[in-house]
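Chain residues, written in single-letter form:
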Amino acid sequence: MSDLTAPLSAHEPDPTAPVPPVVVSSPSAPEPASAPTAPGPAAHNCVELRVHGVSGGQAEELLDVEPAMRVGGDRLAGFFRWRRKADTETVPGVRREIFAWGNLTSGRSSRALWLLLLPFMLINVAYWMRPGRMDRSPTGVRRLANNAYGAGVRLLALTLTMLITLAAGGIGMDLVAWQCAAGQGEECVRVLPWLAFLASPASLLSAPGTALLVGAVLPVAVVLVLWRLSRRTAADYEVVSPAVPPRESAAAPLSHADFWRNSETMARLRSAHISVALGTVAALLLVPALRHDLISPSGGPGGDSVLWGAGTVLAVLLSAVVGGSALSVLVPGVDPRWNARADRVCRLLRDATLVLGIAVAVYTAWPRPEWAAAGRLPGNGAILNTLFAVQASLVLLMLAAALVLFAADRAHDGAAMRGLAGPATAALGALLGGGFSAALVYQGSLWLSGCGSLSAPGAPCLPLSAPSAYSWLQLTFALEAAIAVGLVAMLALELRRSTRAHLPKVAEDYARSVRDRRTWEIARARAAGRMTEVLPSVMVALLLPAGALGVLALYSALTGNLGAGPVPAATAVAGGAQGVAQGTVSGLIGVGSLLGGASLVALALIGRSAYRDRPTRQAVGALWDVGTFWPRAAHPLAPPSYAERAVPQLSARVARMTREDTDVVLSGHSQGSVLAAATVWQLPSDCLGRIALITHGSPLDRLYARYFPAYFGPGPFADLRERVSVWHNLWRVTDAIAGPVRLRDASGGEGDLLTVEQAEPIPDPRGYDAPPGEARRPEILGHSDYTGDPAYAGALWRVMGAMNCADASRTDAAPEGRP
């Protein structure tokens, strides 16, 4: 949460309008060219440029220029006065600006629905979580492992696109068209009268081929919506290249000139994903018709030989085109020439898939009087089973590659889970995508059949069934829920244990008794601030169901019964306790089905609430502020990267101000500190030396260096320190996100901390008892309100003095923070 998000203004922009990020200047200060000189012997202008964190508020509140200013109390009940001009300047004479980028992630109401794209986002984030160095030209085993990791993530992203397409096809083509309309026409009309146009025996659309075409409208519509959304967001977030490129450094991958210009790579990946998705729909249309044409009552090729030959040719061509599209995602795309060529090939393959899809539609709709639908849709279960096996293989490939990369570069020993956080995140994304798909299909089958409704006993009920492979994922829902309950209990016990461990230190710091309730509150806040360290253990625990299900799936695959579902596999493994195993697994699948349906209802309610309520919409958008920082280099249909727009825009503004003889202090809070660091890495050489950096509540080291060790860490931070004049880092023990920043010293070793620029944490709370004139004790701030702390004003004053922007010797003029 941003430290400046307490709204004081009732004026809000239209939430449905596309509002770009803005750089707002304090109205009390003129533009850079005519700004007054800072106090003291400064010979040039200075500006404090703040970059807010997640869910940033309105520009006026972020700038602290609103008429009302709280001078006592808290957010619930406080004392206010009219703000004076001096109150809008942290350092007298130095103007303040704010870069407001919050609308990139939480501006439009429709962005609340990005919750459904969470699996895509996790896969895309996993691409950037590889361990080891990320240089341009790795050699030997590092190059092989690096390419294997990237290929595994991109292929896994492709399988997720296929998975959501199969889920939509499972509802529209399997349940509605094949099992209901074509397979049980009269019963289907009796239970679902609104399907009479498709299921009535007298309807021209009731034949299996035409019914499948109508059912294919749903998966095609899903693919087109994702296609359109990806193209529109790419256009909104695209920026032009700077006239002067940044100073690139091998130690800082984020300093590469084209790092935030991913449009060409994303365009060809999008073409490949759309081609594979449409090819999946075409395969669901082709397999049932071709199967009918190939198998005659005598067991050999029968029917019209021309029709059978045409279907075989279409199957071969479709396999070749879809296979080529899948392989095209493996092109690294580092060289622009390769990107352009691969983009043309992907566009051709995508267009070829469209043409083949039309041909398959004609072939499927061709009249076959003797064709009758029975059972589940042929081909759907086989494709699904194959997809799950491929996903498991790709996760294992990523796991092996990550182990090699971590072993090859021990400089990143601090990487989370010993470099395995990337494969773990990818596995969780695949599980979540499968869980969403299973919940959609299972709940769709219950709703369409009427078996899950609250109708009276004896009401008609259609015998509709989903592929057995989805029951594995329903079992995952139940196991994950059980593990989540256990994790909550364990975390509560750990929090209590850690609270007791912090009590002596709190009592010593504030000279109070450990029995005081206030001491317990502060100790609990400090313990909660350290709970982020258990995140790797939580990820490992959440992956346990994948291991358990992997054993059952492997057993079923080896015995050739993967499509039979987990109940037969568990029964076979259990041996003599078959009855108990079957009942337990069946019960867990039922619980998982209920949990899956509940999760879908919860997502719908959250989306509806976010559409009507701006604070809820901002809270949902905050989820993406962390996950959508990285470009869409693995999954082009994931939520867009706001940093692709924010970093170039911010760096262009800073470069302009430095060239107009203005020194800039970049002040970043929380995720804004990551944007500020990325901005410094993107600045050209002539701007360096006129930039200072203040990070507060920053996750740079504690989160980014641990989970993205190839792009953040002691080496890149040392390079960042050389690019700025001064770097102050403010943090609190009670902050669950921030921490000190480690960097590597000039000799190649690893330093402990940024010792000069705030090695010790800021006290929180500032006082134990209520201050004079107040009836409440100081609030424990944690991750919020860093700019209101006296330590921030002191840090900014020292930075301005070091940059010759203010007379640092005038200690009497140094601000002490908000009253």
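Just so it is clear, the model here is predicted, and its values are computed rather than measured.

About the cut-offs
Residue numbers run consecutively from 1 along every chain, following the written order of its sequence. Only residues with pLDDT of at least 70 are given local features in this predicted model, and only at 80 or more are side-chain atom pairs given and counted; all residues enter the totals for whole chains, interfaces and linings. As a rule here, side-chain values cover all heavy atoms of the structure and leave hydrogens and water aside. Numbering of helices and strands starts at the N terminus; helices are DSSP runs of H or I of at least 4 residues and strands are runs of E of at least 2. Classification of residues uses two cut-offs on accessible area relative to the type maximum, computed with a 1.4 Å probe and protein chains only: under 20% is buried, over 50% is exposed, and between them is partly exposed. Note on contacts: a residue pair is in contact if any heavy atoms of the two residues lie within 4.5 Å. Here the open area of atoms and residues is found with the Shrake-Rupley method and a 1.4 Å probe, where only the protein chains shown may cover a residue. Here a cavity is any set of points on a 1 Å grid over the protein atoms alone where a 1.4 Å probe fits but cannot get out, and a pocket is any open set with protein on both sides within 12 Å along at least 5 of 7 lines; a residue lines the site when it has an atom within 4 Å of a point. Grid points are joined across faces, edges and corners, and a volume is the space filled by probe spheres set on the points. Residues are grouped as follows: Ala, Val, Leu, Ile, Met, Phe, Trp, Tyr, Cys and Pro are nonpolar; Asp, Glu, Lys and Arg are charged; every other residue, Gly included, is polar. Definition used for salt bridges: Asp or Glu carboxyl oxygen within 4 Å of a side-chain nitrogen of Lys or Arg. The nonpolar core is taken to be a set of buried Ala, Val, Leu, Ile, Met, Phe, Trp, Tyr and Cys residues, with the residues joined through side-chain atoms within 4.5 Å. Two cysteine sulfurs form a disulfide in these notes if their separation is within 2.5 Å. Think of it this way: DSSP has to see at least two bridges between two strands before they count as a pair. The angle separating two fitted axes, one through the seven residues that finish at a residue and one through the seven that start at it, defines the bend at that residue. Orientation is described by lines fitted to C-alpha atoms, with helices fitted over the stretch in contact, and by angles between N-to-C directions that extend from 0 to 180 degrees. Crossings are classed by handedness, with left-handed meaning an anticlockwise turn of the near helix from the far one by less than a right angle and right-handed meaning a clockwise turn. Residues forming no salt bridge and having over 30% relative accessible area are the ones grouped into patches, like charges within 9 Å of each other and nonpolar side chains (Val, Leu, Ile, Met, Phe, Trp, Tyr) within 5 Å. Only Phe, Tyr and Trp rings are paired, with Trp represented by its six-membered ring, and only when their centres lie within 6.5 Å; those with planes under 30 degrees apart are stacked, over 60 edge-to-face, the remainder tilted. For this analysis, a polar contact is any N or O atom pair within 3.5 Å, provided that within protein one partner can donate a hydrogen and the other can accept it, and provided that sequence-adjacent residues contribute only side-chain to side-chain pairs. Note: pLDDT gives the predictor's confidence per residue, expressed from 0 to 100.

(A) Highlighting the overall build of the protein chain. Check the secondary structure of the protein chain and you find 25 helices and eight strands. Evaluated residue by residue, the protein chain yields a buried proportion of 55% over its 819 residues. Pairs at least 24 apart in sequence give 80% of the contacts found in the protein chain among residues at least 6 apart. Accessible surface for the protein chain amounts to roughly 34,000 Å². Of this, 64% is attributable to carbon and sulfur atoms.

(B) Spotlight on the layout of surface pockets. Taken as a whole, the largest pocket encloses approximately 1,600 Å³ of empty space. Along the walls of the largest pocket sit 41 residues, with L118, L122, L428, L535 and L542 positioned nearest its centre. Within the residue set of the lining of the largest pocket, elements represented by two or more residues are α3 (118-127), α13 (421-449), α14 (469-510), α16 (535-542), α19 (578-612), α20 (614-627) and α23 (700-707). Across the lining of the largest pocket, the residue classes tally to 32 nonpolar, eight polar and one charged.

(C) Structural context of the pattern of salt bridges. Going through the model one piece at a time under the given rule, you end up with 24 salt bridges. Between E48 and R96 there is a salt bridge, with its nearest N and O atoms 3.6 Å apart. In this pair, E48 sits in strand β2 (residues 45-51) while R96 sits in strand β5 (residues 95-100), placing the two residues 48 residues apart along the sequence. Across the pair, R96 and E48 agree in class, each one buried. Taken together, the shared-partner salt bridges connect E48, R50 and R96 into one network.

(D) Up close: the nonpolar core. Among the nonpolar cores identified, the biggest contains 145 residues, and L254, Y470, F629, W630, L666 and F712 are the most heavily contacted of them. It is helix α4 (residues 140-182) that contributes the most residues to this core, 21 residues altogether. The contact partners of W630, leaving out residues within four places of it in the chain, are N124, W128, L254, F259, S641, Y704, F708, Y711 and F712. Core analysis: the next-biggest nonpolar cluster, separate from the first, contains 21 residues, V91, I762, Y786 and C805 among them.

(E) Here's a closer look at the state of the cysteines. If you walk through the whole model with that rule in mind, you get one disulfide. The partner cysteine of C180 in its disulfide is C188, sulfur to sulfur 1.7 Å. Disulfide C180 to C188: torsion about the S-S bond roughly 85°, handedness right-handed. Both residues of the pair, C180 and C188, belong to the buried class.

(F) Inspection of the pairing of β5 at higher detail. Of all six residues in β5, six are buried, a share of seventy percent or more. Every second residue of β5 is oriented toward a common face, with R95, E97 and F99 on one face and R96, I98 and A100 on the other, all of them buried. The pairing of β2 with β5 spans five bridges and is parallel. In the sheet register, V51 faces β5, and the bridge partner there is F99.

(G) Representation of α4. Approximately 40° is the largest bend angle found in α4, and it occurs at G170. Burial of α4 is extensive: 35 of the 43 residues sit out of reach of the surface.

(H) Just the packing of α4 against helix α7 (residues 208-215), in detail. Two elements in contact, α4 and α7, have axes separated by 8 Å at closest approach and are oriented at 145°. Here α4 and α7 pass one another in a crossing that is right-handed. Note on element contacts: α7 touches α4 through P208, A211, L212 and G215, opposite G172, M173, A177, W178 and A182. In the contact of α4 with α7, the residues fall into seven nonpolar, two polar and no charged.

(I) Main features of a nonpolar patch on the surface. Nonpolar side chains collect at one region of the surface, where L294, I295 and W308 lie side by side and expose about 250 Å² of accessible area between them. Within the secondary structure, L294 sits in helix α9 (residues 263-294). Accessibility expressed as a relative area gives 32% for L294, which makes it partly exposed.

(J) Representation of the packing of aromatic side chains in the model. Within the structure shown, the criterion is met by 23 aromatic pairs. An angle of 15° between the planes, with centres 5.2 Å apart, marks the rings of W128 and W630 as stacked. Here the residue W128 occupies a position in the loop between α3 and α4, and W630 occupies one in the loop between α20 and α21 (643-659), the gap between them amounting to 502 residues. With respect to burial, W128 and W630 carry one shared label: buried.

(K) Molecular detail of the side chain of S673. Inspection of the secondary structure puts S673 in helix α22 (residues 671-681). The buried category is assigned to S673, whose relative accessible area is 0%. Within the local environment of S673, its side chain forms a polar contact with the side chain of S698, the two groups lying 2.8 Å apart. Excluding residues that lie within four positions of it along the chain, S673 makes contacts with G668, T695, S698, P699 and L700.

(L) Layout of the environment of V441. Mapped onto the elements of the fold, V441 is located in helix α13. For the pair V441 and L175, spaced 266 residues apart in the sequence, the C-alpha separation amounts to 8.6 Å. In contact with V441, not counting residues within four places along its chain, are A167, I171, L175, A466, P467 and Y470.

(M) Focus on the confidence of the model for the protein chain. Here the protein chain averages 79 in pLDDT, while 74% of its residues score no lower than 70. Mean pLDDT values for the elements of the protein chain range from 40 in strand β1 (residues 22-25) up to 94 in α22. Note on residues 807-813: pLDDT is under 50 here. Beyond four places in sequence and across chains, it has 10 contacts. Here residues 815-819 scores under 50 on pLDDT; set against residues more than four positions off or in separate chains, the count is 17 contacts.

(N) Region of interest: helix α24 (residues 714-723). Of all 10 residues in α24, eight are buried, a share of seventy percent or more. Along α24, the residues classified as buried are P714, G715, P716, F717, A718, D719, L720 and R723. Contact partners of the buried residues in α24: α22, β7 (691-696), α23 and β8 (727-730).

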